[in-house]
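Listed here are the chains, written in short residue letters.
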Amino acid sequence: MSWVTNYPFTLLQKFCMNVIKCGPIPSHLAFIMDGNRRYATKTNVKKAEGHSKGFEKLGECLQWCRELGIREVTVYAFSIENFKRSKEEVDTLMQLAREKFQKVFEEKDKLKEEGVCIRVIGNLSLLPQDIRKLIAEAMLLTKDNNKSILNVAFSYTSSDEITNSIKEIVDGVNQNLIDVEDISEELISNCLYTHSSSNPEVLIRTSGEVRLSDFLLWQVSESEIFFTDVLWPEFCIWHLLGCVFKYQRSYNYLKKFDYQYKIEKPLTKKVQSFVDQLAKKRFEQLELYAKS
Ligand code: FPP
Ligand code: MG
């Protein structure tokens, strides 16, 4: 089970991927990987095995995305709400995270070769110290890889992300770094955990649940959202190609919408300097976590 898989594609898969690649390809795709426990029940294995299969699927899915030319992928791996699950299950998920983030070091050459940068978005302060350290080290180790970006939402909810962003902005106002008049949609976006990413064009949720579960609420307001009944460990390349195909069919309409309504406002020098300072502070915090 690996972050970077290299399974061979069948001729039919290659052909279909090449056909899809003739059309517009989203640059950023997000997944709510749901249904691991139902998969475990269905296949008569332990819940932990269901989550392991979920991780395995993530590796495969990243390979399909790389092959299709989807540069950035964001996945919901652990919600802050998930801390409310039984202690046994939270411990299992934390142990899985420990093993997988540890594996980043073993796979560092493969990750470099494929240019994969792993970023964790979320409230790291809620995590056990050893996992926080592993995450920080993994992020620092892969930060210069720039062909493909994987954002792992871990200890994440949108409500927490937006609240954190507002606190940073209030701090900035209190320290006279910015003024109340400087507060804008662009400033808030730039203070989110996802500040380095563009918004995903497509969000896919598996397992038949039709809700967003506090995931990227700010970022997906204009995204295409697909809900599929398949459980995450059973998600396959055909489901992915189906979603990209549907995205392509609505692409022209979406582009027109973008063109008519989206007005990008550049940040002023003062606001840009505040945003840069915040990014620096977060990076220094990451270095401290890595050394802890
Ligand atoms: C949702 O299924 C899945 C999770 C809460 C965990 C997702 C984690 C992985 C796929 C592993 C990734 C790990 C790392 C370290 C990146 P569920 O538990 O809600 O299952 P259910 O909907 O069937 O109850
Ligand atoms: Mg679920």
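Our structure's up above, just so we're on the same page.
It should be emphasised that the depicted structure is a prediction, and the values quoted were computed from it without experimental measurement. (Residues numbered from 1 in each chain as written. Chains lettered and ligands numbered in written order. Predicted model: local features only at pLDDT ≥ 70, side-chain atom pairs only at ≥ 80, totals over all residues. Heavy atoms only, no water.)

## Examining the overall build of the chain
Right, so step 1: Secondary structure assignment for the chain yields eleven helices and six strands.
Right, so step 2: Scaling as 2.2 N^0.38, a compact globule of 292 residues should have a C-alpha radius of gyration of about 19 Å, and the chain matches this with 19 Å.
Right, so step 3: Expressed along its principal axes, the backbone C-alpha trace of the chain runs to roughly 60 × 45 × 35 Å.
Right, so step 4: Contacts spanning at least 24 positions in sequence make up 82% of the contacts within the chain whose residues lie at least 6 apart.
Right, so step 5: As displayed, the chain has an accessible area near 15200 Å², and 53% of this comes from carbon and sulfur atoms.
Right, so step 6: When the 40 positive and 40 negative side-chain charges of the chain are each reduced to one mean point, those points stand 3 Å apart. (Helix = DSSP H or I, 4+ residues; strand = E, 2+ residues; numbered from the N terminus. Rg over C-alpha atoms; globule rule 2.2 N^0.38 Å. Contact = heavy atoms within 4.5 Å. Areas by Shrake-Rupley, 256 points an atom, 1.4 Å probe, with all protein chains shown as cover. Lys, Arg positive; Asp, Glu negative; His and termini not counted. Charge placed at Lys NZ, Arg CZ, Asp CG, Glu CD.)

## Describing the site of ligand 1
Right, so step 1: Close to ligand 1 lie 17 residues, the nearest being Asp34, Arg37, Arg38, His51 and Arg85.
Right, so step 2: If ligand 1 stood free it would expose 620 Å²; the protein chains cover 93% of that surface.
Right, so step 3: Mapped onto the shell around ligand 1, the elements with two or more residues apiece are α2 (36–43), α3 (47–68) and α4 (87–106).
Right, so step 4: Taken together, the residues of the shell around ligand 1 break down into seven nonpolar, five polar and five charged. (Near = heavy atom within 4 Å. Nonpolar A, V, L, I, M, F, W, Y, C, P; charged D, E, K, R; others polar.)

## Re the pairing of strand β6 (residues 224–227)
Right, so step 1: The alternating pattern of β6 places Glu224 and Phe226 on a buried face and Ile225 and Phe227 on a face that is not buried.
Right, so step 2: Note that strand β5 (residues 202–205) and β6 share four bridges and pair parallel. Counterpart to valine 202 in the pairing with β6 is glutamate 224. (Buried < 20%, exposed > 50% of the residue type's maximum accessible area, 1.4 Å probe, protein only. Pairing = 2+ DSSP bridges.)

## Quick word on α2
Right, so step 1: For α2, the full list of buried residues reads Asn36, Tyr39 and Ala40. Mapping the buried residues of α2 onto a view down its axis gives an arc of 100°, with all of them on the same face. Seen from the buried face of α2, the exposed residues on the opposite side, beyond 90 degrees, are Thr41 and Lys42.
Right, so step 2: On its buried face, α2 sits against α3.
Right, so step 3: Asparagine 44 sits one or two residues past α2 and shows a positive phi near 60°. (Arc of directions from axis to C-beta.)

## What about empty space enclosed by the protein?
Right, so step 1: Inspection of the entire model under this criterion finds one cavity of 30 Å³ or more.
Right, so step 2: Taken as a whole, the largest cavity holds about 30 Å³ of empty space.
Right, so step 3: Contributing to the lining of the largest cavity are His28, Thr74, Thr194, Ser197, Ser198, Pro200, Leu216 and Gln219. (1 Å grid on protein atoms, 1.4 Å probe; cavity = no way out; pocket = protein on both sides within 12 Å on 5 of 7 lines; lining within 4 Å. Points joined across faces, edges and corners; volume = space filled by probe spheres on them.)

## Details of the packing of aromatic side chains
Right, so step 1: According to the stated counting rule, one finds 14 aromatic pairs in the structure shown.
Right, so step 2: Among the aromatic side chains, those forming a connected cluster through ring pairs are Trp3, Phe55, Phe78, Phe83, Phe101 and Phe154. (Phe/Tyr/Trp six-rings, centres within 6.5 Å; stacked < 30°, edge-to-face > 60°.)

## Regarding a nonpolar patch on the surface
Right, so step 1: The grouping of Leu12, Phe15, Val19 and Trp238 at the surface amounts to a nonpolar patch, some 420 Å² of accessible area in total.
Right, so step 2: Looking at the nonpolar patch, the element that brings in the most residues is helix α1 (residues 11–20), giving three residues.
Right, so step 3: Looking at where tryptophan 238 falls in the secondary structure, it is placed in helix α9 (residues 237–249).
Right, so step 4: Judged by its relative accessible area of 38%, tryptophan 238 falls in the partly exposed class. (Patch = residues over 30% accessible without salt bridge, like charges linked within 9 Å, V, L, I, M, F, W, Y side chains within 5 Å. Salt bridge = Lys/Arg side-chain N within 4 Å of Asp/Glu carboxyl O.)

## Concerning the side chain of asparagine 151
Right, so step 1: The residue asparagine 151 is located in strand β4 (residues 148–156) in this model.
Right, so step 2: You can call asparagine 151 buried: its relative accessible area is 3%.
Right, so step 3: Side-chain polar atoms of asparagine 151 contact the side chain of threonine 74, separated by 2.9 Å.
Right, so step 4: Apart from residues no more than four positions distant in its own chain, asparagine 151 is found in contact with His28, Glu72, Val73, Thr74, Val75, Arg119 and Ser197. (Polar contact = N/O pair within 3.5 Å; in protein donor to acceptor, adjacent residues only side chain to side chain.)

## Side note on the nonpolar core
Right, so step 1: Core analysis: the largest hydrophobic core is formed by 55 residues, its most contacted members being Trp3, Phe31, Phe101 and Leu240.
Right, so step 2: When residues of this core are assigned to their parent elements, the largest contribution, seven residues, is made by α3.
Right, so step 3: Apart from residues no more than four positions distant in its own chain, leucine 240 is found in contact with Leu29, Phe31, Trp64, Cys65, Leu68, Ile204 and Phe235.
Right, so step 4: Ranked by size, the runner-up nonpolar core spans eleven residues in total, among them Tyr76, Ala153, Tyr156 and Tyr193. (Core = buried A, V, L, I, M, F, W, Y, C linked by side-chain atoms within 4.5 Å.)

Keep in mind these values describe shape, not function.
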